[in-house]
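# Residue-level structure breakdown
Listed here are the chains, written in short residue letters.
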Amino acid sequence: HRASLRRSTRATLSPLPMPDEPEAAAPAGEAGLSKNEQKRRAKQEAQAKAKAEKAAAKAAADAAKPKPAAAAQEEEEEEQDPTKYFENRLTFVNGVKEKGANPYPHKFQTSMQLPDYVAKYESIGSGEMSADGGVGLAGRIATKRAGGKGLVFFDVVGDGAKVQVFASADKFSDYAGLEKDEKAARFSALMSTLKRGDIVGVRGTPGKTKRGELSLFPTDMLLLTPCLHMLPKVPPGSSGLADKETRYRQRYLDLIMNPTTRSTFITRTRAINFLRRFLDMHGFLEVETPMMNAIPGGATARPFITKHNDLNLDMYMRIAPELYLKMLVVGGLDRVYEIGRLFRNEGMDLTHNPEFTTCEFYWAYADYEDLIKFTEELLSQMVLNICGGYKVKLHLEAKLGEPAKELEIDFTPPFRRIPMISGLEEKLGVKIPTPLESDETNAFLKGLCAEHGVECKPPLTTYRLLDKLVGEFLESQCLHPTFITDHPKIMSPLAKDHRSKPGLTERFELFANYHEMCNAYTELNDPVEQRARFAAQAKDKAAGDDEAMFVDDGFITALEYGLPPTAGWGMGIDRLCMLLTDNESIKEVLLFPAMRPVGMAADFNPDCQ
């Protein structure tokens, strides 16, 4: 064993390095490898290096090749200043007109819409052609790319679908029988007039390329509407137009560039249609009430004022349809609803827009307990129908110093309930004095706001103080759908007294994702009590609360004819759609949201976004 060890030692020893000569280190991972293994690895490295050099050389050669004239021209035009591009396109359109042609044809006969085309011909095999000929499609050019001499590819989009147009000079019927060079020249001239953003009509044969791309192989292409402006370029890694200012101000551009925007508004329409069907199925009648009122009633909000010139009368854009709808119930329409726009002259932020869409319904011989069950069924079924389950997810954008968040909101019924006053008392560990209308209660609530740093702008009415405290301490608990119930009378001038809790009303508000979704109550139908409530509101208005209600004598007269026991309900459509479409801002679910005028200073009103 020792002899063997000595032989092994002698065989592996190397001469010691000279003092000036650095000792060579073995490559990492190669210490102890056999010579054959080292040779194998060295060979692999040499092959990989050669392959990389070959690929780099090919890429350099491809870059050095001259591009087809059409492609080079297209690239050059896309790099132009937008103003110059617009001028060139306008010159082209005027040139077509001067030649006696029409760059805006009146009609193009289509065979089907793009989604129908995809559904009908998707089953065609790769490299195969349909027996159908003369199929006509129309849409907007999303992309255009040259494929060589006499060959251009377009992606045409419309109605949420995309179809490739495989344009070959050899397939165009107008060029049949022409010499090769003339055919190529005429085809190139036609292709040069078609730009990204143009609306085109295409007629040809359905089929798939060898790579399996569903396409239309045209025999004819016609420019239907030229796009005079250069469409925004989508940066690498981006899914579409990202600039919010542009998206909101030019929604048509947003819809052209971002397929998800179309999906958002389709979902909005589905939600409204579901709501309408649900109410119709439960025996409700849809009605319409005036948009301009002599008195802005039905809600506590600041109205917009307009002018009726013929009557020389100030009118108010409606802040709620409530009073008119209850008059209809007085008249015997026991179940009525309206889906429409309201106008409130208040701030703009992530959840508020001056004009917005609501649904209100009134249900004779029901109360707020019936409404709670009805609301749970309506919303849970809507979410299930649209989202495929009771849970919806919200993805919140990252904020300064905070990462992006994902929230899950569960609409599984029944929803949680929090009584307003007792919930506030429990949260703050206090007992709020009664009656709530007293000066003592007002002073107590002012102290609570000061103690907890809750800001309330004047006038410091008990209503406003309570509203601020509830927003800070109760609404902040309402990620999942939650009913805040039994509001004080001073906060609910149109709601009926609670049958077992003095000073409170049979009212609830539904919150989800910390924002109000619904407001509902058993309706006050005592005309004497209603007049007293209006008088209290008038007192608050005189104190400077411009959101307090006016006295509406016409509505009180209607109550004097007899409003049956009735329950009323209202829901904001826009906030509901924010949840259903995973959006944080109300602007994302309004096709044309209110925007600050271009050029107005951002600090004109710091509270206005």
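What this report covers is the structure whose coordinates are included nearby. (Residues numbered from 1 in each chain as written. Predicted model: local features only at pLDDT ≥ 70, side-chain atom pairs only at ≥ 80, totals over all residues. Heavy atoms only, no water.)

Further remarks concern the overall build of the protein. In terms of regular secondary structure, the protein is built from 17 helices and 18 strands. Counting every position in the protein, which comprises 609 residues, the buried fraction comes to 42%. For the protein, the share of sequence-separated contacts (at least 6 apart) that also reach a separation of at least 24 residues comes to 64%. For the protein, the accessible surface area stands at approximately 33300 Å², while carbon and sulfur atoms represent 54% of it. (Helix = DSSP H or I, 4+ residues; strand = E, 2+ residues; numbered from the N terminus. Buried < 20%, exposed > 50% of the residue type's maximum accessible area, 1.4 Å probe, protein only. Contact = heavy atoms within 4.5 Å. Areas by Shrake-Rupley, 256 points an atom, 1.4 Å probe, with all protein chains shown as cover.)

Another point: the sheet that holds strand 8 (residues 305-308). One open sheet accounts for three strands, arranged 7-9-8; its pairing is antiparallel. Because the sheet does not close on itself, it has two edges, and the strands there are strand 7 (292-293) and strand 8. Pairing of strand 7 with strand 9 (residues 313-317), which is carried by two bridges, proceeds in the antiparallel orientation. Directly across from Asn293, in strand 9, lies its bridge partner Tyr316. (Pairing = 2+ DSSP bridges.)

Another point: the sheet that holds strand 15 (residues 482-485). In space, the eight strands of this open sheet follow the order 6-10-11-18-17-16-15-14, with mixed pairing throughout. Of all the strands in the sheet, just strand 6 (285-286) and strand 14 (416-419) have a single pairing partner and so form its edges. Two elements, strand 11 (residues 355-364) and strand 18 (residues 566-572), share seven bridges in a ladder whose sense is antiparallel. Counted as the bridge partner of Cys359 is Met571 from strand 18.

Turning to the side chain of Arg533, a few remarks are in order. Tracing the backbone through its elements, the reader meets Arg533 in helix 15 (residues 527-542). For Arg533, the residues in contact, after removing those within four places along its chain, are Lys489, Ser492, Pro493, Leu494, Ala495, Lys496, Asp497 and Leu524.

Attention now goes to the pattern of salt bridges. As enumerated under the stated definition, the model contains 33 salt bridges in all. Linking Lys244 and Glu397 is a salt bridge whose minimum nitrogen-to-oxygen distance equals 3.2 Å. With Lys244 in helix 7 (residues 244-249) and Glu397 in the loop between strand 12 (391-396) and strand 13 (405-410), this pair connects stretches of sequence that are 153 residues apart. Measuring nitrogen to oxygen at the nearest pair gives 3.4 Å for the salt bridge that ties Glu355 to Arg341. Placement of Glu355 in strand 11 and of Arg341 in strand 10 (residues 335-343) is noted, with a sequence separation of 14 residues between them. Of the residues examined, Glu355 reaches a relative accessible area of 33% and is grouped as partly exposed. Arg341 sits in the partly exposed class, given a relative accessible area of 28%. (Salt bridge = Lys/Arg side-chain N within 4 Å of Asp/Glu carboxyl O.)

Further remarks concern the environment of Tyr390. Tracing the chain through its elements places Tyr390 in the loop between helix 11 (368-387) and strand 12. Tyr390 sits in the partly exposed class, given a relative accessible area of 29%. On a C-alpha basis, the gap between Tyr390 and Thr412 in space is 5.4 Å, while along the polypeptide they are 22 residues apart. Discounting residues that sit within four places of it in the chain, Tyr390 has contacts with Ser380, Gln381, Val383, Leu384, Ile409, Asp410, Phe411, Thr412 and Pro413.

One pair of aromatic rings is described through two measures. These are the centre distance and the angle between the planes. Applying the stated criterion across every chain, the model contains 17 aromatic pairs. A ring pair is formed by Phe153 and Phe166, whose centres lie 4.8 Å apart and whose planes are at 90 degrees; its orientation type is edge-to-face. Of this pair, Phe153 sits in strand 2 (residues 151-158) while Phe166 sits in strand 3 (residues 161-168); the two residues are 13 residues apart in sequence, bridging distant segments of the chain. Phe166 shares its class with Phe153; the two are buried. An angle of 70 degrees between the planes, with centres 5.3 Å apart, marks the rings of Phe278 and Phe374 as edge-to-face. Residue Phe278 is found in helix 9 (residues 259-281), and its partner Phe374 is found in helix 11; the two are separated by 96 residues along the sequence. Among the aromatic residues, ring-to-ring pairing joins Phe274, Phe278, Phe284, Phe361, Trp363, Phe374 and Trp569 into one connected group. Against the face of Phe284 rests Arg335, its NZ or CZ located 5.7 Å from the ring centre. (Phe/Tyr/Trp six-rings, centres within 6.5 Å; stacked < 30°, edge-to-face > 60°. Lys NZ or Arg CZ within 6 Å of the ring centre and 35° of its normal.)

As a further point, take helix 15. Helix length check: helix 15, at 16 residues, gives a terminal C-alpha distance of 22 Å against a target of 22 Å (1.5 Å per residue), a fit within 8%. Considered for burial, the residues of helix 15 that qualify are Pro527, Gln530, Arg533, Phe534, Gln537 and Asp540. Seen from one end, helix 15 has its buried residues packed into an arc of 125 degrees, which puts them on one side. Seen from the open side of helix 15, the exposed residues pointing more than 90 degrees away from its buried face are Val528, Lys539 and Ala542. Where helix 15 is buried, its residues touch helix 16 (553-560). If you check the start of helix 15, you find a side-chain oxygen 3.0 Å away from the backbone N of Val528, and it comes from Asp526. Positive phi appears at Gly544, one or two residues downstream of helix 15, with a value of about 115 degrees. (Expected span 1.5 Å × (residues − 1). Arc of directions from axis to C-beta. Polar contact = N/O pair within 3.5 Å; in protein donor to acceptor, adjacent residues only side chain to side chain.)

Attention now goes to the packing of helix 9 against helix 11. Packing of helix 9 against helix 11 brings their axes to within 10 Å, and their N-to-C directions diverge by 140 degrees. Overall, the two elements helix 9 and helix 11 adopt an arrangement that is oblique. As for the relative orientation of helix 9 and helix 11, their crossing is right-handed in sense. Of the residues in helix 11, those touching helix 9 at Thr267, Arg270, Ala271, Phe274, Leu275, Phe278 and Leu279 are Phe374, Glu377, Leu378, Gln381, Met382, Asn385 and Ile386. (Axes fitted to C-alpha atoms, helices over the stretch in contact; angles between N-to-C directions. Parallel < 35°, antiparallel > 145°, perpendicular 65-115°, else oblique. Left-handed = near helix turned anticlockwise from the far one by under 90°.)

Residue pairs three or four apart in sequence face the same way in an α-helix, which turns once every 3.6 residues. Its 14 residues give helix 6 (residues 180-193) an end-to-end C-alpha distance of 20 Å, which sits within 8% of 20 Å, the value for a rise of 1.5 Å per residue. Taken as a whole, helix 6 has its buried residues at Lys183, Ala184, Phe187 and Met191. Along the axis of helix 6, the buried residues cluster in a sector spanning 95 degrees; they form a single face. Elements that come into contact with the buried residues of helix 6 comprise strand 1 (135-146), strand 2, strand 3 and strand 5 (214-225).

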